[in-house]
Amino acid sequence: MSIQTLMVVGAGQMGSGIAQVAAVSGIRVLLHDNSLDMLNKGMASINTHLYRSVEKGKLTADRMADILSRIQLTESLELAEQADLVIEAISENMALKALLFHRLDSICRPSAILASNTSSLPISEIAAVTERPSQVIGMHFMNPVPVMPLVEVIRGLETSQEVFEEIYHLSERMGKTPVEVNDFPGFVSNRILMPMINEAVFTVYEGVATVESVDKVMKLGMHHPMGPLELADFIGLDTCLSIMEILYEGFKDPKYRPCPLLRKYVKAGRLGRKSGQGFYSY
Ligand code: CAA
């Protein structure tokens, strides 16, 4: 089966990025969100990024119009009935994801594949709420989706080889480099990235260095494009905390305990770029 129509559920930063790269690669996209405001914001962000490419001479205006014509915004989840694949990109909340997958399972055609862009929740547990666990898989894109080449393709316990291969090839068709990963907390990316970010927060918390100094060490010393605290603000401090909690809960190992300063910032509403204040002000 080849994927012709994709529904992306959730029009936030990740969902709109996924919709954009899929449309660029010639796939028809239904971008769904419960909120019309989120849909409009997601579409505006796609427009902005594509228009920037036109200004830079990397894309013609005709091709941009062609890409945009492949994206349909919808507040109706029922349109998932038309999709060969649904990629869920809603907030990292197991109860919400379980509800959504249960609904999608009843709406979608029996042949449709259901994928989650979760950054750390167990794919096998999401799959278990459906009647099609062999057709449920993880497809973890990195932020910003149009720029980052990686997709972690996560096999749930029951994911079939056929579905795995379909999603692996689709990721390549979308211009990405898929990497096969098994279903354990944080997969590979966040199991390694988040403890680094958490340790950076600890170095500030313990007074080892300032925020700026920690970031400078990692940028100039390790050639990271962003320092860990700048990156934490970019990802969202609430997301970082929630992933650390999942690692801590999943492995029951104290090495994953979230730094109290990270917790304090999230409780105070300092969520990073999206709230205007994190380790830096925006
Ligand atoms: N959306 C789309 N395109 C974007 C973008 C965005 N949000 N931000 C930048 N770009 C594009 C720019 O248009 C530019 O494109 P061209 O090369 O075609 O001109 C290109 O990216 C480079 O951008 P800039 O020159 O403005 O800025 P930069 O060189 O500083 O790069 C960056 C910006 C790509 C974000 C870079 O700082 C970077 O790679 N940062 C690290 C990002 C990272 O680690 N992401 C993973 C986060 S973890 C995650 O996502 C997993 C999880 O589960 C939490």
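The residue numbers shown here count from 1 along each chain, following its written sequence. With the structure being a predicted model, the display of local features is reserved for residues of pLDDT at least 70 and the display and counting of side-chain atom pairs for 80 or more, all residues being used for whole-chain, interface and lining totals.

### Side note on helix H2 (residues 36–55)
Working definition: helices are DSSP H or I runs of at least four residues, strands are E runs of at least two. Numbering for both runs from the N terminus. Take the number of residues in a helix, subtract one, and multiply by 1.5 Å to get its expected span. For H2, with 20 residues, the first-to-last C-alpha span of 28 Å sits near the 28 Å given by 1.5 Å per residue. For every residue, the other C-beta atoms within 10 Å of its own C-beta are counted; 20 or more classify it as buried, 12 or fewer as exposed, and values in between as partly exposed. C-beta atoms are placed from the backbone. Turning to H2, its buried residues are Gly42, Ile46 and Leu50. One side of H2 carries all its buried residues, which in axial view fall inside an arc of 60 degrees. Along H2, the residues that are exposed and aim more than 90 degrees away from the buried face are Leu36, Asp37, Ala44, Thr48, Arg52 and Glu55. Remark: residues whose backbone-derived C-beta atoms lie within 7 Å of one another are considered to be in contact. On its buried face, H2 sits against helix H1 (13–24), strand E2 (28–32), helix H3 (61–69) and strand E3 (71–74). Immediately beyond the C-terminal end of H2, within one or two residues, lies Gly57, with a positive phi of roughly 80 degrees. Think of it as the arc spanned by the lines of direction from the helix axis to the C-beta atoms.

### Here's the deal with the UniProt feature "domain: 3-hydroxyacyl-CoA dehydrogenase C-terminal" (unreviewed entry) in the chain
UniProt positions are given in the numbering used here, feature names are shortened, and annotations may be inferred rather than shown by experiment. Feature annotation in UniProt assigns "domain: 3-hydroxyacyl-CoA dehydrogenase C-terminal" (unreviewed entry) to the following positions: residues 186–282. In residues 186–282, helix accounts for 62% and strand for 0%; the two terminal C-alpha atoms are 28 Å from one another.

### Here we look at the environment of Met222
Relative to the elements of secondary structure, Met222 occurs in helix H8 (residues 211–222). Residues Met222 and Asp233, spaced eleven residues apart in sequence, show a C-alpha to C-alpha distance of 19 Å.

### Observations regarding the packing of helix H9 (residues 228–235) against helix H10 (residues 237–251)
Following both chains from N to C, one finds H9 and H10 inclined at 100 degrees, their axes separated by 6 Å at the closest point. By the criterion of interaxial angle, the relationship of H9 to H10 is roughly perpendicular. Across from Ala232, Asp233 and Ile235 in H9, the residues of H10 making contact are Leu237, Thr239 and Cys240. Broken down by class, the residue content of the contact of H9 with H10 amounts to four nonpolar, one polar and one charged. Axis lines are fitted to C-alpha atoms, over the contacting stretch for helices. Their N-to-C directions set the angle, which ranges from 0 to 180 degrees. Between 65 and 115 degrees an angle is taken as roughly perpendicular, under 35 as roughly parallel, over 145 as roughly antiparallel, and anywhere else as oblique. Polar here means any residue other than Ala, Val, Leu, Ile, Met, Phe, Trp, Tyr, Cys and Pro, which are nonpolar, and Asp, Glu, Lys and Arg, which are charged; Gly is therefore polar.

### Looking at the site of the ligand
Any residue whose backbone-placed C-beta atom lies within 6 Å of a molecule or strand is treated as near that molecule or strand. Ser119, Met142, Asn143, Pro144 and Pro225 are the nearest of the 18 residues found near the ligand. Breaking the shell around the ligand down by element, the ones donating at least two residues are H2, helix H7 (189–205) and H9. At three residues, H7 tops the list of elements feeding residues into the shell around the ligand. Taken together, the residues of the shell around the ligand sort by class into ten nonpolar, six polar and two charged. Two domains each put at least three residues into the shell around the ligand: domain 1 (5–182) and domain 2 (190–275). What fixes the domain bounds is an automatic or database domain assignment.

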